[in-house]
Amino acid sequence: MSLTEKYQAVGRFDASTSAQHQAELVRLLGGAATSLEVDFSRIEFLSSAGLRVLLFIANEAHKKGGTLQLTGTRAAIREVIVAVGFDDIVLLKD
Amino acid sequence: MQIPDWLGESRVMSALSADERRHVEERQQQANASLAPYIGLACLIFFSAMVIIDIERYREHLFNLSLSGIAYSLVAVCHITLALSIVPALALKSRRAAEDRTLAARWLRWHQVLLMGSLLTVGCVAVLLDGKFMRLGSVLIVVNLLYALAWRCRFAVNATSVLISSVFVLRNGAGEALLPMVAFGEMAAVICLCAIGGAVIHRDRVQFYLAQYRESLYLARLREEISVAAQLQQSMLPAPWPATHEFAVHGLMRPAKDIGGDFYDHFIIQNGAVCLVAADVCGKGIPAGLFSMSAKSAMRATTIQSSTATAAPDPGRLVAGVNNLLHEGNEDLLFVTAIYALYQPASGQLDFVNAGHVKPLLLNRDGHARWLDAPKGCALGARAGRTYSAVRIDLQVGDTVLLITDGITEALNTEFEEFGMDRVMQALEGAAGIDAKACIERLLSAVDEFTGGVEQSDDITCIAVCHQPAWG
């Protein structure tokens, strides 16, 4: 059985906010959920520290047999994820 | 229930080192100095009332040579001393006191000595003259509660206060009507509580000052360590820069904070090839800096190892090996994006791998610039088992390849605009026949001009290699 939890992220996803996002995402993944769907439509900025959190969470989901999916990602942020080659680790959906 | 720690402050202070005690005393003095002008104002009101009483006593001819007359005279002198103590207290607010710290300290000492001396004398005279402890008690409350005293005095002051308050109840309470006895009891309780309160407040303040002082020492040491580490990090980046007729390399790493998460590397391997790296670890500061050093070592070790094993190492497979090495035991999943290049000075052949990094720029002898595309590779250390493929380009005489990090393309100006890849190109286009060093200088001066003094938010790294530079 696979269960997907949803999460809404807002604002900047950088060094100052990533720890908070990470804690929240880890908590969501700590329950029965195996996959996470993060609404990225309201994220304005993604730094490398934020990318590390996405990578970490994707790995946690992968261990449970699930995935990390981002929805509504803006073009500029999508570019960042593609540029570091994380587009097959973190699934991007419109 | 915890019994109040009467000796608290004295015990804390006596256990301190000379340095710590000096610091705490300095802070206490500062607190006293900021309080003194207000006490001075309060004394002004008190003094005005006392002057009226003294004038009244003078009119009633109470200042005579009898015992009580002498006592009244002494009290009047004390009132004048009290008035004198107001002057230095108010003067502490003046500009001269702010400018001259030693003068201010002297004024404060004068104020305290005059104030406490006169108040305590008045209190003692009241006890001697008509056996009233009330005034001495009040004086002790004021002195004890408000000012930070020399720590050796505090216990004596506290003990006297409590002793007086008990004498006060015993002398006034026994045999009287019930109502005044309750009032005296309450007064005694107030004196006692103020003594205890003063002791606790001042002990806590001493501990607070002490904690701050120790924290500041720790921070100073940490700052020192970080600056040493930053110097060490710079010295771990390779120098000097080779500049021969065959090739020239130049670059730099300018961290945003003391420690950077970027690094570059260049070294010659066994088959004569030059290995060039520009890399950027995710995040910033000390964690990124530590990971960058381990990534740099991993790249060097893997390159040297495979260059001894095979005559022409495959950069793609080499980077894949580095990726697996960096992923191992990397529980926090730090990753590093990099351009890894192997350049043959003899033939001008340059193979490079792009692991999630900013594209390299090729600047030819005529000043034409173009970005070099390569198959997209994943950032290193993120996932094991990734594959990477290299792209080969043949450098012509005078060609320069520039590797940068996103600290350059994402440098912000006062309008929050990014420098961007286009401006990198604009900065270098038309620069015909420049070598590696000139290329780096030109790019950085363009970045600095663009940012216009805005604080650097990310590490800036660039390294350029020029094939057969036209020296002279």
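In what follows, the structure referred to is the one given above.
K.L.:
When you look at the overall build of chain B in this model, what are you seeing that I'm missing?
P.N.:
For chain B, the helix and strand inventory stands at 13 helices and 10 strands. In terms of overall dimensions, chain B is more spread out than a globule: its C-alpha atoms have a radius of gyration of 39 Å, far above the 23 Å expected for 472 residues. Once the C-alpha set of chain B is aligned to its principal axes, its extents read approximately 115 × 50 × 35 Å. Within chain B, the fraction of its 472 residues that count as buried is 38%. Considering only residue pairs separated by 6 or more positions, chain B has 71% of its internal contacts joining residues 24 or more positions apart.

K.L.:
Looking at this model, I keep getting lost on the pairing of strand S10 (residues 460-467) of chain B. Mind explaining?
P.N.:
Residues and elements named next belong to chain B. Summarising burial for S10: 8 of the 8 residues are buried, a large majority. Because side chains alternate across S10, one face comprises the buried residues Ile460, Cys462, Ala464 and Cys466, and the other comprises Thr461, Ile463, Val465 and His467, equally buried. Pairing geometry for strand S1 (residues 247-254) and S10, over 8 bridges, is antiparallel. From the neighbouring strand, Gly251 faces S10, where its bridge partner is Ile463. Here 5 bridges tie strand S9 (residues 400-404) to S10, and the two strands are oriented antiparallel to one another. Each residue of the ladder has a partner; that of Thr400, found in S10, is Cys466.

K.L.:
How do you make sense of the interface of chain A and chain B when you look at a structure like this?
P.N.:
Size of an interface, as often reported, equals the accessible area lost when the parts are brought together. In this complex, chain A contributes 13 residues to the contact, which on the side of chain B involves 14 residues. Per-element accounting of the side of chain A that touches chain B gives the leading share, 7 residues, to helix H2 (residues 48-63) of chain A. Taken together, the residues of the side of chain A that touches chain B sort by class into 9 nonpolar, 3 polar and 1 charged.

K.L.:
Mind showing me how you'd approach the sheet that holds strand S6 (residues 361-363) of chain B here?
P.N.:
Residues and elements named next belong to chain B. Strand order in this open sheet of 5 strands is S1-S10-S9-S6-S7, and the pairing throughout is antiparallel. The open sheet terminates on both sides in strands that have one partner only, identified here as S1 and strand S7 (369-371). Strand after strand, the sheet turns through a mean of 15 degrees between neighbouring axes, direction not considered. In this sheet, S7 lies alongside S6 in antiparallel orientation, the contact comprising 3 bridges. Across the sheet, Leu362 pairs through a bridge with Arg370, a residue of S7. Its contacts with the sheet put helix H12 (residues 420-428) on S6, S7 and S9, and the angle it makes with S6 is roughly 15 degrees. Against the sheet, helix H13 (residues 436-451) touches S1, S6, S9 and S10, its axis set at about 30 degrees to S1.

Criteria and cut-off values
- Residues numbered from 1 in each chain as written.
- Chains lettered and ligands numbered in written order.
- Predicted model: local features only at pLDDT ≥ 70, side-chain atom pairs only at ≥ 80, totals over all residues.
- Helix = DSSP H or I, 4+ residues; strand = E, 2+ residues; numbered from the N terminus.
- Rg over C-alpha atoms; globule rule 2.2 N^0.38 Å.
- Buried ≥ 20, exposed ≤ 12 C-beta atoms within 10 Å, placed from the backbone.
- Contact = placed C-beta atoms within 7 Å.
- Pairing = 2+ DSSP bridges.
- Nonpolar A, V, L, I, M, F, W, Y, C, P; charged D, E, K, R; others polar.
- Axes fitted to C-alpha atoms, helices over the stretch in contact; angles between N-to-C directions.

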